[in-house]
Structures are given as structure tokens and as C-alpha cells.
Amino acid sequence: MSIKVGISACLLGQKVRYDGGHKGSQFCQHDLGEFVEYVALCPEVGIGLPVPRPTIRLEGSNSADASAVIPKTNTDVTEALSNFADQHSERLAHISGYVLCAKSPSCGMERVRLYEPSQQANRKEGVGIFARRLRELYPALPMEEDGRLNDPLLRENFVLRLYVYAEWQELQRKLTKKSLYDFHTRHKLLLLAHNQSIYRALGRRLGELTELTPAFANEYIQAFMDGLGKPATRSNHTNVLQHVQGYFKSDLDEDQRAELAEVILAYHGGEQPLIAPLTLLKHYQRAFPKPYLKGQSYFQPYPEKLRLRYGL
Ligand code: SF4
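My aim in this report is to walk through the structure given alongside it, one point at a time. In this text, all values refer to a predicted model and were calculated from it rather than measured experimentally.

**Let's talk about the packing of helix α7 (residues 177–186) against helix α9 (residues 196–208)**
The interhelical angle for the contact between α7 and α9, taken along N-to-C directions, is 155°, at an axis separation of 12 Å. Classed by the angle they form, the pair α7 and α9 counts as roughly antiparallel. The two elements α7 and α9 cross, and the hand of that crossing is left-handed. For the pair formed by α7 and α9, the contact residues are Leu-180, Tyr-181 and His-184 on the first element and Leu-202, Gly-203 and Leu-206 on the second. Of the residues contributing to the contact of α7 with α9, the split by class is four nonpolar, two polar and no charged.

**Focus on the pattern of salt bridges**
One pass over the structure, following the stated rule, counts 18 salt bridges. Residue Lys-305 pairs with Glu-34 through a salt bridge whose shortest N-O separation is 3.3 Å. Here the residue Lys-305 occupies a position in the segment after α14 (291–294), and Glu-34 occupies one in the loop between α1 (26–31) and β2 (36–41), the gap between them amounting to 271 residues. Classification of Glu-34 by relative accessible area gives exposed; the value is 54%. The network of salt bridges with shared partners includes Glu-110, Glu-144, Arg-148 and Arg-161.

**Looking at the nonpolar core**
Membership of the largest hydrophobic core comes to 83 residues, with the highest contact counts inside it found for Tyr-98, Tyr-220, Phe-224 and Tyr-298. Top contributing element to this core by residue count: helix α6 (residues 152–171), with ten residues. Shared between two domains, this core takes at least three residues from each, and those domains are domain 1 (3–150) and domain 2 (152–312). In this structure, Ala-66, Ile-70, Val-77 and Leu-81 belong to the second largest nonpolar core, which totals eleven residues.

**A few points about the pairing of β2**
Taken residue by residue, a regular strand's side chains alternate between the two faces of the sheet. Bridge analysis of strand β1 (residues 3–8) against β2 gives six bridges, and the strand direction is parallel. The partner of Ser-8 across the bridge, within β2, is Leu-41. As for the winding sense of the linkage, the β-α-β connection from β1 through α1 to β2 is right-handed.

**Thoughts on the site of the ligand**
Surveying the vicinity of the ligand reveals 14 residues, the closest of which are Cys-10, Cys-42, Glu-44, Cys-101 and Cys-107. Considered class by class, the residues forming the shell around the ligand number eight nonpolar, three polar and three charged.

**Quick word on the packing of helix α12 (residues 254–268) against helix α13 (residues 275–287)**
The interhelical angle for the contact between α12 and α13, taken along N-to-C directions, is 150°, at an axis separation of 8 Å. The orientation of α12 relative to α13 falls into the category roughly antiparallel. By crossing handedness, the relation of α12 to α13 is classed as left-handed. Contact residues: α12 offers Gln-256, Glu-259, Leu-260, Val-263, Ile-264 and Tyr-267, while α13 offers Ala-276, Pro-277, Leu-280, Leu-281 and Tyr-284. Broken down by class, the residue content of the contact of α12 with α13 amounts to nine nonpolar, one polar and one charged.

**Structural notes on the sheet that holds strand β8 (residues 121–126)**
Reading across from one edge, β5-β4-β3-β7-β8 is the order of the five strands in this open sheet, with mixed pairing throughout. Lying at the two open borders of the sheet, with one neighbouring strand each, are β5 (75–76) and β8. Bridging between strand β3 (residues 57–59) and strand β4 (residues 67–70) involves three bridges; their strand directions are antiparallel. Pairing of Glu-59 across the sheet is with Ser-67, part of β4.

Calculation criteria
Residue numbering note: each chain is counted from 1, following its sequence as written. Local features in a predicted model are, by the rule used here, given only for residues with pLDDT of at least 70; side-chain atom pairs are given and counted only at 80 or more, and totals for whole chains, interfaces and linings are based on all residues. Remark: hydrogens and water are excluded; side-chain values derive from all non-hydrogen atoms of the structure. For every element, the axis is a line fit to its C-alpha atoms; helices are fit only across the contacting stretch, and the angle between N-to-C directions ranges from 0 to 180 degrees. Every helix listed is a DSSP run of H or I at least four residues long, and every strand listed is a run of E at least two residues long, numbered separately from the N terminus. An angle below 35 degrees is read as roughly parallel, one above 145 as roughly antiparallel, one from 65 to 115 as roughly perpendicular, and any other as oblique. The handedness criterion is simple: a crossing whose near helix is rotated anticlockwise from the far helix by less than a right angle is left-handed, and one whose near helix is rotated clockwise is right-handed. Contacts are residue-level and defined by heavy atoms, with any inter-residue pair within 4.5 Å sufficient. Residue classes follow a fixed rule: Ala, Val, Leu, Ile, Met, Phe, Trp, Tyr, Cys and Pro count as nonpolar, while Asp, Glu, Lys and Arg count as charged, and any other residue, Gly among them, counts as polar. Salt bridges are defined by distance alone: a side-chain nitrogen of Lys or Arg within 4 Å of a carboxyl oxygen of Asp or Glu. For the exposure calls, accessible area comes from a 1.4 Å probe over protein chains only, and a residue counts as buried if that area is under 20% of its type's maximum, exposed if over 50%, partly exposed in between. Nonpolar cores are built from buried Ala, Val, Leu, Ile, Met, Phe, Trp, Tyr and Cys residues. Side-chain atoms within 4.5 Å join them into one set. An automatic or database domain assignment provides the domain bounds reported here. At least two bridges found by DSSP between two strands are what make those strands a pair. Crossovers are described as right-handed under a simple rule: with the strands pointing away from the observer, the path leading from the first strand over the helix to the second runs clockwise. Any residue with at least one heavy atom within 4 Å of a molecule or strand is counted as near it.

Read these as layout, nothing more, since geometry by itself doesn't imply function.
This is the structure in C-alpha cells:
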């Protein structure tokens, strides 16, 4: 399955910025680029602005109803930038995530400078107009900014959400109660590692489900993706690893049990990366297969070649 990812065109090295430059991202262009197919859009060029062009800035007293204005000509481009997302909805409906260029009044996901002209002041509280509309149209879509992707935890978390969401989109073609339960079961440990309260709440809701409606499916995936939205903590990973360890209790001898417990605690203490206990557990899963663990995405949520868990 080829995963499609939306991206601010300047992050792919396209010279579309206001100053005629680009913001090429090494990770997006080379590392992630090997695994996904990009849909590159520049909303500002897309609404007909030239390169180079006068700068745009966000104006308003709060982010929710901020406007995008070109101060030089006093032109308001809010509606055009917002409509640009709607005009591309056919292409955007098939993407599984979006990488946005930070700080941009069009593409910035958070902390964009918001100017209050009456007070001659600005605060880093805005959201780019295109990004804001994207979030309204696709509330469950994984979104991340280029700068944040330099953080190994946020990078891993974004890629993980990308793959989970792509699987969900694929499922939409033939979503049934059974396929929804299968999806939930397959990602249970992953969700548990990220957000225990959403894990429990969704488990309860699925247990009470009588009829699968599109509204329920939307609420479900929104809550699920919210649950994965923050990187899993070391403590939560440790809980999951110890939970998995329990499955092999009667298969391992005393030394093996002690070694496994030690590696998990060493990870918890920050002396080992996550990959260390995971490798050992995967080894035991191969030696003593457990049906429940077999399909768990927690062990391999995305291609191993991305090597994203080595630094965690
Ligand atoms: S941040 Fe967005 S609008 Fe600005 S140049 Fe990049 S793609 Fe275009």
C-alpha cells in the first residue's frame, strides 16, 4: 500500500516561498520520502500570488477568527487560503497525514505570530489559515510541522499515526463491525501505550456497540487518533512491555525471566532504548507464539527500515 502524505511544497525544496527560497527538509525529502508518495501544495502560490511576493501576516485578537492579510497592499487573503483546502478536497481525502511548514500564516500548525494591529503587538498563538481549514475538514488526520519532526519522539509518533490512519482509510471501503473490532484489537497495545483512558473508554464503547453507524465510526477514529496524538511515555511503554512479558511467564526459565525483567527496567531507567526489550519480546514471540500478540501493531507499527525506535 502506497501511503500518500500532504506536504507544504517548500519543504520538498520547491522555491515557492515569499522570498523565492525553499525550506527543504532532509527528513521529509530523503528519509520519509522513500516510503510515502507526497502531495505537495503551496496554498499561497495556489491562490495566485507570485514568487517572490509581499509577506502575509495573521491579524486578530484570537486564533479562531484570525485573518491573513498582506500589509503592503492591505489585501485580505483569508477566504482564498481557506477555500484552497476545500478546492483540493478530492486529493486531500486520500492523504494519510500532512507535514506543514512551521510559523507560516498559511501552513503553520501552531504558535504562528498573531498581530493585533490596534495594540501594535504580536503573540505566538496563531494557526495558519490553510492549516486551520485542513483541521476542520479532516479532524482525525495526523498533522505535524517540519521543525517538530527533528525531535525523535515526535517524529516517531507522527510516522506511527500515519500508518495507523492509512490502515483505517483502507478499511473504510468495507467497514463492518467485525473489521472495526479487528482494527481495534490489532492496535490495542499501541493505544494502551499512548493513552490509557482513551484505551479504556473506546473498549467500553465497542463493548456496548449494537449498530455500526458512520457517525460512530467518525467518533471512534477521532478519539483513537487523539489517543495516539502524544508520544507514549517511558512509563506507559514499560506497563505495556510488562503486560506482554506476562504472556511468556510459563515459557521462560528463571534466568530468561530475570533477564527480560532487567531489560525492561533498564529501558524504564533510560539505560536502554525501546528497541532492546522489544527485540527480546519479539524473539520470545517467535519461539513461543501467542495468538493475541501475533498481529499487534505495537511491535512493528511502520517499516523497520525507518529505524525510528533506535533513539527512543
Ligand atoms: S509555508 Fe506554505 S504557503 Fe508558505 S511557501 Fe511553504 S507551502 Fe507555500
